[in-house]
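Each chain is listed here by its residues.
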Amino acid sequence: MDRFLACCAQYIYNKHAANLYDICVVLPNRRAGIFFSYYLQRYIRGAVISPNIIQINELIYSYSDLYKGDQLKLISILYRIFKKHTKTSESFDDFYFWGEVLLSDFNDIDNYLVNAEDLYRNISDIKEIESHFYYLTDEQRIAISRFWNCLWQTERRKSSESFVNMWDKLYPVYRDFNAELEKRGFAYSGMIYRKVVDKLRMEGLRFKYGKYYVLGLNALNNCEKEVFRYLKKEQIVDFLWDYDSYYLEDKINKAGYFMRENITDFPQPADFSFSSGSFFHNKKIRMIAVSSVSGQAQEIPRFLESVNNKPDIEFDSTAIVLADESLLAPALNAIPPEIPAVNVTMGYPIINSVIYGFINLLINLLKNRKLNENNEVMVYHRFITDILNHQILRSIETDRVNRYLDNIKETNRLNILLSDLDFSPLHKLIFTTPSELRDFSNYFLDIMAALYDIAKDQDFDNKLLPELIYKLYLEIEKLKHLMDDVTTEGEISITESVFFRLFRQYIGNCSVSYEGEPLNGIQVMG
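None of the values given here were measured: they were computed from a predicted structure. (Residues numbered from 1 in each chain as written. Predicted model: local features only at pLDDT ≥ 70, side-chain atom pairs only at ≥ 80, totals over all residues. Heavy atoms only, no water.)

Asks: Would you explain a nonpolar patch on the surface in this entry?
Replies: A contiguous nonpolar patch, built from Phe 97, Trp 98 and Val 101 and spanning about 300 Å² of accessible area, is present on the exposed surface. With respect to the secondary-structure elements, Trp 98 resides in helix H5 (residues 92-111). (Patch = residues over 30% accessible without salt bridge, like charges linked within 9 Å, V, L, I, M, F, W, Y side chains within 5 Å. Areas by Shrake-Rupley, 256 points an atom, 1.4 Å probe, with all protein chains shown as cover. Salt bridge = Lys/Arg side-chain N within 4 Å of Asp/Glu carboxyl O. Helix = DSSP H or I, 4+ residues; strand = E, 2+ residues; numbered from the N terminus.)

Asks: Please explain the pairing of strand E11 (residues 377-380) as it appears in this structure.
Replies: Two faces make up the sheet, and in a regular strand the side chains alternate between them. One ladder, built from three bridges, connects strand E10 (residues 369-371) with E11; its direction is antiparallel. By the bridge assignment, Leu 371 is partnered in E11 with Val 377. Connecting the antiparallel pair E10 and E11 is a turn made up of five residues, with Asn 375 showing a positive phi of about 65 degrees. Looking at chain direction, E11 and strand E12 (residues 415-417) are connected through three bridges and run antiparallel. Its bridge partner being in E12, Tyr 380 is matched across the sheet by Asn 415. (Pairing = 2+ DSSP bridges.)

Asks: Would you explain the pattern of salt bridges in this entry?
Replies: Side-chain pairing between opposite charges can occur once the charged atoms of the two side chains come close. Applying the stated rule across the entire model yields 20 salt bridges. Its salt-bridge partner being Arg 80, residue Glu 180 comes within 3.5 Å of it at the nearest N-O pair. With Glu 180 in helix H9 (residues 157-184) and Arg 80 in helix H4 (residues 71-86), the pair connects residues that are 100 residues apart, well separated along the chain. According to the relative accessible area criterion, Arg 80 is partly exposed, its value standing at 33%. Here Lys 211 ties to Asp 238 by a salt bridge, and the two come within 3.2 Å at their closest N and O atoms. (Buried < 20%, exposed > 50% of the residue type's maximum accessible area, 1.4 Å probe, protein only.)

Asks: Please clarify how the environment of Asn 262 should be interpreted in this entry.
Replies: Take Asn 262: it is sitting in helix H13 (residues 257-265). What makes Asn 262 buried here is its relative accessible area of 1%. With 37 residues separating them in the primary sequence, Asn 262 and Lys 225 have C-alpha atoms 9.1 Å apart. Residues contacting Asn 262, with those up to four places away along its chain left out, are Leu 217, Asn 218, Leu 220, Trp 241 and Pro 267. Looking at Asn 262, its side chain comes within polar contact range of the main-chain oxygen of Asn 218, at 2.6 Å. (Contact = heavy atoms within 4.5 Å. Polar contact = N/O pair within 3.5 Å; in protein donor to acceptor, adjacent residues only side chain to side chain.)

Asks: I'm lost on the sheet that holds strand E6 (residues 237-240) in this one. Help?
Replies: The strands that make up a sheet pair up through hydrogen bonds in the backbone, lying either parallel or antiparallel. Strands sit in the order E2-E1-E5-E6 across an open sheet of four strands; the sheet is parallel. On the outer flanks of this sheet lie strand E2 (52-55) and E6, each paired with one strand and no other. Each strand axis lies, on average, 20 degrees off the axis of its neighbour in the sheet, ignoring direction. Where strand E5 (residues 211-215) meets E6, four bridges bridge the pair, whose relative direction is parallel. Paired with Tyr 213 across the two strands is Asp 238, which belongs to E6. Sitting on the sheet, helix H11 (residues 222-233) touches E5 and E6, and the angle it makes with E6 is about 125 degrees. (Axes fitted to C-alpha atoms, helices over the stretch in contact; angles between N-to-C directions.)

Asks: Please clarify how the packing of helix H10 (residues 189-203) against H11 should be interpreted in this entry.
Replies: The angle between the axes and the distance between the axes are what describe a pair of packed helices. Taken N-terminus to C-terminus, the directions of H10 and H11 make an angle of 30 degrees; their axes are 9 Å apart at the nearest point. Judged by the inter-axis angle, H10 sits roughly parallel to H11. In this structure, H10 crosses over H11, and the sense of that crossing is left-handed. Between H10 and H11, the contacting residues are Tyr 193, Arg 194, Val 197, Leu 200 and Arg 201 on the first element and Cys 223, Glu 224, Glu 226, Val 227 and Tyr 230 on the second. Taken together, the residues that form the contact of H10 with H11 break down as six nonpolar, no polar and four charged. (Parallel < 35°, antiparallel > 145°, perpendicular 65-115°, else oblique. Left-handed = near helix turned anticlockwise from the far one by under 90°. Nonpolar A, V, L, I, M, F, W, Y, C, P; charged D, E, K, R; others polar.)

Asks: Would you take a moment to explain the packing of helix H17 (residues 381-388) against helix H18 (residues 398-411) for this structure?
Replies: The interhelical angle for the contact between H17 and H18, taken along N-to-C directions, is 155 degrees, at an axis separation of 11 Å. Compared by their axis directions, H17 and H18 come out roughly antiparallel. When the axes of H17 and H18 are compared, the crossing they make is left-handed. Only Val 401, Tyr 404, Leu 405 and Ile 408 of H18 make contact with H17, whose side of the interface consists of His 381, Thr 385 and Leu 388. Of the residues in the contact of H17 with H18, the class split is five nonpolar, two polar and no charged.

Asks: I'm lost on helix H22 (residues 496-508) in this one. Help?
Replies: Side chains three or four residues apart in an α-helix point the same way, a direct result of the helix having 3.6 residues per turn. Between its first and last C-alpha, H22 extends 18 Å over 13 residues, near the 18 Å set by a 1.5 Å rise per residue. Of the surrounding elements, those touching the buried residues of H22 are H4, H5, helix H16 (354-367), helix H20 (440-457) and helix H21 (465-488). (Expected span 1.5 Å × (residues − 1).)

Asks: What is the right way to look at the nonpolar core in this model?
Replies: The nonpolar side chains of a soluble globular protein tend to be buried with one another. Membership of the largest hydrophobic core comes to 99 residues, with the highest contact counts inside it found for Phe 106, Phe 177, Ile 355, Phe 358, Ile 430 and Phe 444. The element contributing the most residues to this core is H16, with nine residues. Residues within four places of Phe 358 in sequence aside, it is in contact with Ile 387, His 390, Ile 392, Leu 393, Ile 430, Ile 447 and Leu 451. Counting 33 residues, the second-largest nonpolar core is a separate cluster that includes Leu 113, Phe 207, Cys 223 and Phe 239. (Core = buried A, V, L, I, M, F, W, Y, C linked by side-chain atoms within 4.5 Å.)

In short, geometric facts, not functional conclusions.
Below, the structure written as structure tokens:
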């Protein structure tokens, strides 16, 4: 079967063998870029300067003076502006979720070049809709009218008024938020896209390369379309689309919805040939019932044996796709040892690791402290025993810890002084808790540093643990700097509940990348 990227590489090489250095190839992601480079190297003889291979967002970002800001920083600025316009008493902790939604909405508004002032306009009169939204279709204008009329006809009048009052404030929030970000020199992704398109419309763009090739994209937003139209007008771009005629020619099949539009707006060269009918061929599909979720991974060896795979598997011939990414570890363990080359294209989520569970126990410890009559810090026994029994600490001063745990049970102790828990330097570090909120990040950083030193020097069964701890350390350090920035600048006031919510949310989204050779062996992907 012809590989789309292989066909693209051959086509581009045949056209530009003598001047590959003046070519820019735009792809959906880095992985596609690696594969394209591999296929292109098959045709190259001797030393050459390779074409520039970038992602679509990198192409657009390169023409902006703004850089992409961190989400926490963006939401903290948005919170201050939102409070100014709405006069809300909502805490930053409560706002954070809605801030993410609002930021996502603003991103879509800019990506699709929507007029934000029109979008957030409160209009219910059909005549006003017809005069103001003259550029909409009749169906779109009727939909707007129905929305506002239905809103006011509802029995929950007070709720409707509250919604409209908030709706009326959103455009000023959007406007001032964009102005503030531009003044600071950073932005969210959609804002960067829109500023580049505005620049393109006003003064044009000067492109660095003599020829651009756009490969394998699918759903394009309006900003990307504007950039591509400009490249097309300059006659310095060709579009190569990856599709199958099975769904492209079937107007009812929604899989080809965006591709049909792309091919109409940006047709590919007539001399580019690619076999696009593989979906018409019969496929061999086996469905296997298993008794449990983890049992799916146990089918991998039988699958590999049934397809007669050998140790020297080509990277583009066999893939294991995990619908449930928590099955990554069982899947890797199930791959037979005679297949040494495996490339994992997904990261291991920290949220699924033992170290994340341990971090949550430390958070519970900090949140449940109290002082006794002597001003000593004490904690309910369950929060202590959960930490002492955790697998990360079980190998450290095991005998002393077990005797202490037995004593807790025998004496029926409910509350435990943290100063008693000094079985080892690590235990003392864990149970010497900070009194000030500003020291919480350093508390976690010190513990991660101590755990990393222990993990890398001991023969842990879990070889991934040191990498997880190291990644977690870096993310906590990054979060600390971000929090220091927003509190120093007076954007938000960090309370204990805000800190822990942001902390869990921030590190819960992190993952550890596997090292591997993308161009060798079985591909394991999510």
